[in-house]
Amino acid sequence: MFQYSRAKLQSTESSLEYIINHVFCPLKLPQRNDHSLENDQALYQAVVDAAVAFNDQLSFGKQLLWMSSLRMLQNLECSIRFSTLSATEVESQISGMRNRDVLVYIIRAQNAAVVMRKLEYETIFESFEISPDPTAVMGAKGKLICSYPGPAIAVPNTIVNDPTFPAELANFLVHMDQDVLDAAATTTKAKSTVIEERDTTHPRYITELLTGILRGLGSIADVPRIRKRIGDDVLWDSAKLPWRRSPLWLVIRVALQTTLERNALGRTTYKSFMLFFMTRLTRLALGDDDVMYFMAAKIARRLFKLGTCASPELSQMVSDVTSEVRGILEGKWGFVQDAQQVSPPWTPKTLHVLQDTHLSLKTSREYIVQALQNQHSSPPQSSFDPSHHVRGTIDNFLDQNASFLVAAHSAEPSLALADFETVIELGIDDWVARVSPQNAKAACTSIEACASAYSSRALIAYEGNPENLSIMLITLFELWVAMDKIVVGRIPFLAEYSPEIPVTLLEHLLVRKSSALSRVKQLHAYLKARHRDASSGLSVFSSTTNDKSFAVRYFHQSPQLTSLKKKLRKMLRKSGRRRRSSFRPSMRGILIYSSAQRHYCMKTTSTPTPAWLATR
């Protein structure tokens, strides 16, 4: 068992409170800026001490890999030892990098961090923002999701090992750490533009300028990236600067996680170390009841999420600390209960009965008289007649013209959309199974009408909300699948044609609930199966009329259409005979008239017979 003491942190009570606030983010946080060099040093030292102690919990093979991360944390001291970077120390660290070494530098004035990873043939330079924009933090619903690292450039070691490279890079980083440039946020006061200290600086001089310089020496690196849910906040009450979560704590987490996930230790070791570190802090903070309970709940939840991946020693350590917290809280609660159970002392001699029972009720006569005569007037009773639209089932919603959905939406718009989505999610498969072949056409008509009515209303209601729009699309896809199943059941060879919906369309949906993810998984499987079963190049919308055309095949397999074709041909043959029979007498009259006219012309004139008459 590890030994814990406040001296181990080498910090004061205020520094310990600072560490707890920025690591755990309890419900009650300061309302003003609490950053200081001493507090950052205390946080750094607490992390390094925990990393050294955590090494003892690892096997020998993992200890060798963990030492690389430990050296990275120890080298980070260069960034927080003083208020600015030391050019000499930075140059010395860069020059002394060996294979698999990692250096991390915080560039405070530019709100950025630089991570250098030396490999066998190249060095990768990564950068990212260390304090998110306050507008993004306050505008996010829940936590802010960020991807780390930012741009990454790989520079050959032949360039990095050049004697002039470390000196020039160190000089650049030191000046960037000190100089306040035009990337800093500004505001207008008294018609003058001044720096807005309450906002964060745009990190472009690191993420863009430095990246561009290094890009000229190397190439873009394809590195694994992580996504973190940043629990930052902007708290400000009668203070010059607002409270923001420690950038150093973010840099430590990002650097440590990205390093561990690129070797055999992986994310599980990172999660285990975070739990180990937070458990140490919980034991040091045994004092404030609310904070103790919050911290114990945090580490218990982290242990639950780790599950069987947590080592037995770590699980026992968390169990001991949470049990100790529970024992302290139960002891304090028992003390409060014991104090409440004690009856107050009975000392009748100290009482003043007449004085304490003399009441002066100058304005209460009317009430007392009514109370004595029991003449209280009963309050008027009002009838309760609630009006609400009937909540429908899937059979109610999927009617022929979507009248039920339209009426429900007119009465309760949001409730109607939610009810429709719920009944489709829970009951569409059973509804399709109950559709008989005779009712297939009516069922497809109902689905089309309800899908049109629902989509037109949901698009307006869910505008600007990507999560709700994703649920709308999932519901419409499920309606399409229902219609597709019904039609394929009636026309089996339709399954040989492409469904015309790309599988990748489902990859852009934004869902959080596991039930919605399961629905997307089922839709993806159905579409994938339809594409797999479909013949290559066949489409129901093809304009060709060969034997593979859907229209031709459907015509040949439809008794109604073939019968209709025979009837039409029969009618055309009858109509043609009637027209020919009526045409023959007219032709005989024309021929008689033409012969008479030719005979007349030969007698009366010597004009040659016209060619058109001679031919008749």
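Procedures and definitions
- Counting restarts for each chain: residues are numbered from 1 in the order of the written sequence.
- Per-residue local features of the predicted model are confined to residues with pLDDT of at least 70, and side-chain atom pairs are confined, for both listing and counting, to 80 or more; whole-chain, interface and lining totals are unaffected and use all residues.
- Where side-chain values are given, they derive from all heavy atoms of the structure, hydrogens and water being excluded.
- Helix and strand assignments come from DSSP, with helices taken as H or I runs of at least 4 residues and strands as E runs of at least 2, each series counted from the N terminus.
- C-alpha atoms define the radius of gyration in this analysis, and the globule rule sets the expected value at 2.2 Å times the number of residues to the power 0.38.
- Note on contacts: a residue pair qualifies if any of its non-hydrogen atoms lie within 4.5 Å across the two residues.
- Methods summary: accessible areas were calculated by the Shrake-Rupley approach with a probe of 1.4 Å, and residue burial reflects only the protein chains presented.
- The charge count includes Lys and Arg as positive and Asp and Glu as negative, but it does not include His or the ends of the chains.
- To locate a charge, take NZ of a lysine, CZ of an arginine, CG of an aspartate or CD of a glutamate.
- Only one rule defines a salt bridge in this text: a Lys or Arg side-chain nitrogen within 4 Å of an Asp or Glu carboxyl oxygen.
- As used here, the term nonpolar core means buried Ala, Val, Leu, Ile, Met, Phe, Trp, Tyr and Cys residues forming a set that is joined through side-chain atoms within 4.5 Å.
- Three labels apply to residues, based on accessible area from a 1.4 Å probe with only protein chains included: buried if under 20% of the type maximum, exposed if over 50%, partly exposed otherwise in between.
- By this definition, two strands are paired if DSSP reports at least two bridges between them.
- Patch members must show over 30% relative accessible area and no salt bridge, and they are joined within 9 Å when carrying like charges or within 5 Å when they are nonpolar side chains of Val, Leu, Ile, Met, Phe, Trp or Tyr.
- Each Phe, Tyr or Trp ring (for Trp, its six-membered ring) is paired with any other whose centre lies within 6.5 Å, and the angle between the two planes then decides the class: stacked below 30 degrees, edge-to-face above 60, tilted in between.
- Every residue is assigned a pLDDT by the predictor, reflecting its confidence on a scale from 0 to 100.
- Here the axes come from fitting lines to C-alpha atoms, over the contacting stretch only for helices, and the angles between their N-to-C directions go from 0 to 180 degrees.
- Should an angle fall under 35 degrees it is called roughly parallel, over 145 degrees roughly antiparallel, and 65 to 115 degrees roughly perpendicular, with every other angle called oblique.
- The handedness criterion is simple: a crossing whose near helix is rotated anticlockwise from the far helix by less than a right angle is left-handed, and one whose near helix is rotated clockwise is right-handed.
- Cysteine sulfurs are considered disulfide-paired once they come within 2.5 Å of each other.

### Here's the deal with the overall build of the protein chain
Reasoning step 1: A tally of regular secondary structure across the protein chain gives 25 helices and nine strands.
Reasoning step 2: The C-alpha atoms of the protein chain give 42 Å as radius of gyration, which overshoots the globular expectation for 616 residues (25 Å, by more than 25%).
Reasoning step 3: Structurally, the protein chain occupies a C-alpha span of about 155 × 105 × 65 Å along its principal axes.
Reasoning step 4: For the protein chain, contacts bridging at least 24 residues in sequence account for 70% of all contacts bridging at least 6.
Reasoning step 5: Accessible area for the protein chain stands at about 37200 Å²; split by element, carbon and sulfur atoms hold 55% of it.
Reasoning step 6: Computed over 72 positive and 59 negative side-chain charges, the inter-centroid distance for the protein chain is 18 Å.

### Focus: the pattern of salt bridges
Where side chains of opposite charge bring their charged atoms close, a pairing between them can arise.
Reasoning step 1: Evaluated as defined, the whole model comprises 21 salt bridges.
Reasoning step 2: Residue Arg-198 is joined to Glu-196 by a salt bridge in which the shortest nitrogen-to-oxygen separation is 2.8 Å.
Reasoning step 3: We note a salt bridge from Glu-261 to Arg-267, for which the minimum N-O separation is 2.7 Å.
Reasoning step 4: Taken together, the shared-partner salt bridges connect Arg-71, Arg-98 and Asp-101 into one network.

### Some points on unusual backbone geometry
Reasoning step 1: Of the consecutive residues Tyr-148 and Pro-149, the connecting peptide bond is found in the cis state with omega at -10 degrees.
Reasoning step 2: Its location among the elements puts Pro-149 in the loop between strand E4 (144-148) and strand E5 (152-156).
Reasoning step 3: Notably, Cys-25 is not glycine yet its phi reads approximately 50 degrees, a positive angle.
Reasoning step 4: Along the polypeptide, Cys-25 turns up in the loop between helix H2 (13-24) and helix H3 (37-54).
Reasoning step 5: With a phi close to 60 degrees, Ala-402 is a non-glycine residue in the positive phi region.
Reasoning step 6: Mapped onto the secondary structure, Ala-402 falls in the loop between helix H17 (394-397) and helix H18 (403-411).

### A short note on the nonpolar core
Reasoning step 1: One finds Val-23, Phe-24, Trp-66, Phe-273 and Phe-277 to be the most contacted residues of the largest nonpolar core, which totals 70 residues.
Reasoning step 2: The element best represented in this core is H3, accounting for 10 residues.
Reasoning step 3: If sequence neighbours within four positions are ignored, Phe-277 has contacts with Val-23, Ala-46, Val-47, Ala-50 and Trp-249.
Reasoning step 4: Counting residues in each nonpolar core, the second largest holds 28 residues, with Trp-431, Ala-449, Leu-479 and Ile-486 among its members.

### Digging into the pairing of strand E1 (residues 102-107)
Along any regular strand, the residues point their side chains to alternate faces of the sheet.
Reasoning step 1: Burial of E1 is extensive: six of the six residues sit out of reach of the surface.
Reasoning step 2: Here E1 shows no split at all, with Val-102, Val-104 and Ile-106 on one side and Leu-103, Tyr-105 and Ile-107 on the other all buried.
Reasoning step 3: Bridging between E1 and strand E2 (residues 112-118) involves six bridges; their strand directions are antiparallel. By the bridge assignment, Leu-103 is partnered in E2 with Met-116.
Reasoning step 4: The hairpin formed by E1 and E2 contains four residues between the paired strands, and Asn-111 there has a positive phi angle of roughly 55 degrees.

### What about a positive patch on the surface?
Reasoning step 1: Taken together, Lys-143, Arg-229, Lys-271, Lys-298, Arg-301, Arg-302 and Lys-305 make up a surface patch of like positive charges.
Reasoning step 2: On the basis of relative accessibility, which here comes to 55%, the residue Arg-229 falls in the exposed class.

### Quick notes on a nonpolar patch on the surface
Reasoning step 1: Side chains of Leu-359, Leu-361, Tyr-367, Ile-368 and Leu-372 sit close together on the surface and give an oily, nonpolar patch of about 580 Å² of accessible area.
Reasoning step 2: Within the fold, Leu-361 resides in the loop between helix H15 (353-357) and helix H16 (365-373).

### Here we look at the sheet that holds E2
Reasoning step 1: If you trace the five strands from one edge of the open sheet to the other, you get E1-E2-E3-E5-E8, paired in antiparallel fashion. At either end of the open sheet lies a strand with only one pairing partner, and these are E1 and strand E8 (219-220).

### Quick notes on the packing of aromatic side chains
Reasoning step 1: Under the definition given, this model contains 12 aromatic pairs.
Reasoning step 2: With a centroid separation of 5.5 Å and 70 degrees between ring planes, the pair formed by Phe-54 and Phe-273 is classed as edge-to-face. With Phe-54 in helix H3 and Phe-273 in helix H12 (residues 266-284), this pair connects stretches of sequence that are 219 residues apart.
Reasoning step 3: Phe-54 sits in the buried class, given a relative accessible area of 3%.
Reasoning step 4: Relative accessible area serves as the criterion here: at 0%, Phe-273 is assigned to the buried category.
Reasoning step 5: Site record: aromatic cluster; members linked through ring pairs are Phe-54, Trp-66, Trp-249, Phe-273, Phe-276 and Phe-277.

### Re the confidence of the model for the protein chain
Reasoning step 1: This prediction gives the protein chain a mean pLDDT of 85; 90% of its residues lie at or above 70.
Reasoning step 2: When pLDDT is averaged over each helix and strand of the protein chain, the minimum, 38, is found for helix H25 (residues 611-614) and the maximum, 96, for E5.
Reasoning step 3: In this model, residues 1-11 is a region of pLDDT below 50 whose contacts with residues beyond four sequence positions or in other chains number 28 contacts.
Reasoning step 4: Segment residues 599-616 is flagged for pLDDT under 50; beyond a separation of four residues in sequence, or across chains, it makes eight contacts in the model.

### Points about the packing of helix H20 (residues 440-461) against helix H21 (residues 466-490)
Reasoning step 1: For the pair H20 and H21, the least separation of the axes is 10 Å and the interaxial angle reads 170 degrees. Looking at the two axes, H20 sits roughly antiparallel to H21. Classified by chirality, the crossing of H21 by H20 is left-handed. Contacts from Ala-440, Ala-443, Cys-444, Ile-447, Glu-448, Ala-451, Tyr-454, Ser-455, Ala-458 and Leu-459 in H20 reach Leu-469, Ile-471, Met-472, Thr-475, Leu-476, Leu-479, Ala-482, Met-483, Ile-486, Val-487 and Arg-490 in H21.

### Some points on the state of the cysteines
Reasoning step 1: If you walk through the whole model with that rule in mind, you get zero disulfides.
Reasoning step 2: This cysteine, Cys-146, is not joined by any disulfide, and Cys-25 carries the nearest cysteine sulfur, 14 Å off.
Reasoning step 3: Taking relative accessible area as the criterion, Cys-146 reaches 18% and is therefore assigned buried.

### Concerning the pairing of E5
Reasoning step 1: Within E5, four of the five residues are buried, which leaves the element mostly enclosed by the surrounding structure.
Reasoning step 2: Relative to E5, strand E3 (residues 122-129) runs antiparallel, the two sharing five bridges. What sits directly across from Thr-123, in E5, is Val-155.
Reasoning step 3: Across two bridges, E5 lies against E8 in antiparallel orientation. Bridging from a neighbouring strand, Ile-153 pairs with Ile-220 of E8.

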